[in-house]
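Structure at a glance
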Amino acid sequence: MEVVALLSGYLMAWVIEPVAHQFVGIFDLNGRFGLLFLGVSYSVAYSLFRYRRRRGLTDASSFWQFIGAGKVHFHPSALLDYRYYFVRAILKVALVLPIVGIVDPHILRSADYVGFFTNLWGARVQVQQHLGLSLLYGLGVFLARDFTHYWTHRAFHTRWLWAFHKVHHSAQVLVPATASRVHFLEKVVEKLSISVMVGAYAGVFWYACGGEVSRYTLFGVTYLVFILNGLAANLRHSHVWLSFGPAIEHVLNSPAQHQIHHSDAPRHFDRNFGVNLSLWDWMFGTLYVTTSKPESLQFGIGYQECDRYRTLYGFIVNPFVETADKLRPDRARVSRCAVIEQPTVAATGRVSWRARWQPAPHTACTNDSSLQWQSSPAHCHGPPPVPHRPAPWR
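Nothing here was measured: the structure is a model prediction, and the numbers come from that model.

Reading the values: rules and limits
- Residues numbered from 1 in each chain as written.
- Predicted model: local features only at pLDDT ≥ 70, side-chain atom pairs only at ≥ 80, totals over all residues.
- Heavy atoms only, no water.
- Patch = residues over 30% accessible without salt bridge, like charges linked within 9 Å, V, L, I, M, F, W, Y side chains within 5 Å.
- Areas by Shrake-Rupley, 256 points an atom, 1.4 Å probe, with all protein chains shown as cover.
- Salt bridge = Lys/Arg side-chain N within 4 Å of Asp/Glu carboxyl O.
- Buried < 20%, exposed > 50% of the residue type's maximum accessible area, 1.4 Å probe, protein only.
- Lys, Arg positive; Asp, Glu negative; His and termini not counted.
- Charge placed at Lys NZ, Arg CZ, Asp CG, Glu CD.
- Helix = DSSP H or I, 4+ residues; strand = E, 2+ residues; numbered from the N terminus.
- Expected span 1.5 Å × (residues − 1).
- Arc of directions from axis to C-beta.
- Contact = heavy atoms within 4.5 Å.
- Core = buried A, V, L, I, M, F, W, Y, C linked by side-chain atoms within 4.5 Å.
- Axes fitted to C-alpha atoms, helices over the stretch in contact; angles between N-to-C directions.
- Parallel < 35°, antiparallel > 145°, perpendicular 65-115°, else oblique.
- Left-handed = near helix turned anticlockwise from the far one by under 90°.

1. Regarding a nonpolar patch on the surface
Taken together, the side chains of Leu 6, Tyr 10, Leu 11, Met 12, Trp 14, Val 15 and Ile 16 present a nonpolar region at the surface, about 660 Å² in accessible area. Note on Ile 16: relative accessible area 40%, which makes it partly exposed.

2. With respect to a positive patch on the surface
The grouping of Arg 50, Arg 53, Arg 54 and Arg 55 at the surface amounts to a positive patch. Among the structural elements, Arg 53 can be located in helix 2 (residues 35-54). Classification of Arg 53 by relative accessible area gives partly exposed; the value is 41%.

3. What about helix 6 (residues 110-121)?
Across its twelve residues, helix 6 extends 16 Å between first and last C-alpha, which sits within 8% of the 16 Å expected from 1.5 Å per residue. The set of residues buried in helix 6 consists of Ser 110, Tyr 113 and Phe 117. The buried residues of helix 6 all sit within an arc of 60° when viewed along its axis, so they share a single face. In this structure, helix 6 carries Ala 111 and Asn 119 as exposed residues pointing more than 90 degrees from its buried face. Check the buried side of helix 6 and you find it contacts helix 9 (184-209). Phi turns positive, to about 90°, at Gly 122, one or two residues after helix 6.

4. Some remarks on the environment of Val 240
Inspection of the secondary structure puts Val 240 in the loop between helix 10 (223-229) and helix 11 (255-262). Among the residues examined, Val 240 registers a relative accessible area of 0% and is labelled buried. The spatial distance from the C-alpha of Val 240 to the C-alpha of Phe 49 is 9.0 Å, given a sequence separation of 191 residues. The contacts of Val 240, once residues within four sequence positions are left out, are Ala 45, Leu 48, Phe 66, Ile 67, Leu 235 and Gln 259.

5. Re helix 8 (residues 162-169)
With eight of its eight residues buried, helix 8 lies for the most part within the structure. Within helix 8 the residues assigned to the buried category are Trp 162, Ala 163, Phe 164, His 165, Lys 166, Val 167, His 168 and His 169.

6. Considering the nonpolar core
Ranked by internal contacts, the top residues of the largest apolar core, which has 15 residues, are Val 96, Val 100, Val 188, Leu 192, Tyr 309 and Phe 315. For this core, the element with the most residues is helix 5 (residues 76-103), which contributes five residues. Core analysis: the second largest hydrophobic core is formed by eleven residues, Tyr 137, Val 198, Phe 205 and Val 213 among them.

7. Notes on the packing of helix 1 (residues 2-24) against helix 5
One can describe the packing of helix 1 onto helix 5 by two numbers: an axis separation of 8 Å at closest approach and a directional angle of 130°. On the basis of the axis angle, helix 1 is oblique to helix 5. When you trace helix 1 past helix 5, the crossing you get is right-handed. Facing helix 1, whose interface residues are Ala 13, Trp 14, Val 15, Pro 18, Val 19, Gln 22 and Phe 23, helix 5 presents Tyr 85, Phe 86, Ala 89, Ile 90, Val 93 and Ala 94.

Set out below in structure tokens:
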């Protein structure tokens, strides 16, 4: 009985409670993937659909068709996203929080910075708190977090970290749940990086103000995050093209810009790393702005990676395997590929379909791009219409 009680305790703590908390989070305001923000995003999408249909800019006959219909929302890639949304809650409890807990005590806190500057320059008179000060402090925290997100995201597009971020880019279709398609190691790095940056900023700000300053929040959420989540943030991972226009997109990241980031077209590689702000992309030369006219896009990571990231096991384990393989250049890399139909965003704003690649039994393909595209599954297939992401330097 003691063993049963112990196992049931572990099951409750590591599986049932995390999954239940993740489900309840859908009704929370402290996150993008909530019913309120989903409702706002799809209300914007519906208004866009009505606008485009009145002007003959889309051939979609219904709103459901406009947002991709079942071809997108029930695509195997989307179904995998829905499952992973809950599995990620288990990974958070089992791996992310324990790893962060080991490293976190060794990170300098805001109080450490306050103590350092106090010893260096002496204590300062505390400024009286007011709304303007709270808003300013909250703005700084938002900028610090978003700046950190930009550089963390950009770092995961480099050679030794790309395999982990490839989990996110492996999505063949984009649905709001795709935002949760993130490897647990990337979440660890993200949490620790934000702790370092926000801790440093808070320490400097608090010392300058002579004491701790509270943030202004809306419903428990940093006010800027709440506002930006309300700007159709869930459409970033969707097949609905929403551009803010070149001028605004130098500052704010639009859904269309993030869809460009997911594109497997070479001209879109390593563009638009920003999460909420595209200001950092503008400053550091990775900006790609869009217009109201939708670009024809297809998503994914190319035919060479077609069979690596199609299961939960592949999400979690394959990045480690692939990174280890980079230390063994003599190891042969073989992938199995075949042609299937893949949904894309057409220039009309409606989801269309183009040839893409997926695993096929008894079909061996090397990475030799000189192979020709064969129609028979018994032969190796050559490169797809759009080149894959160039892994050797990613």
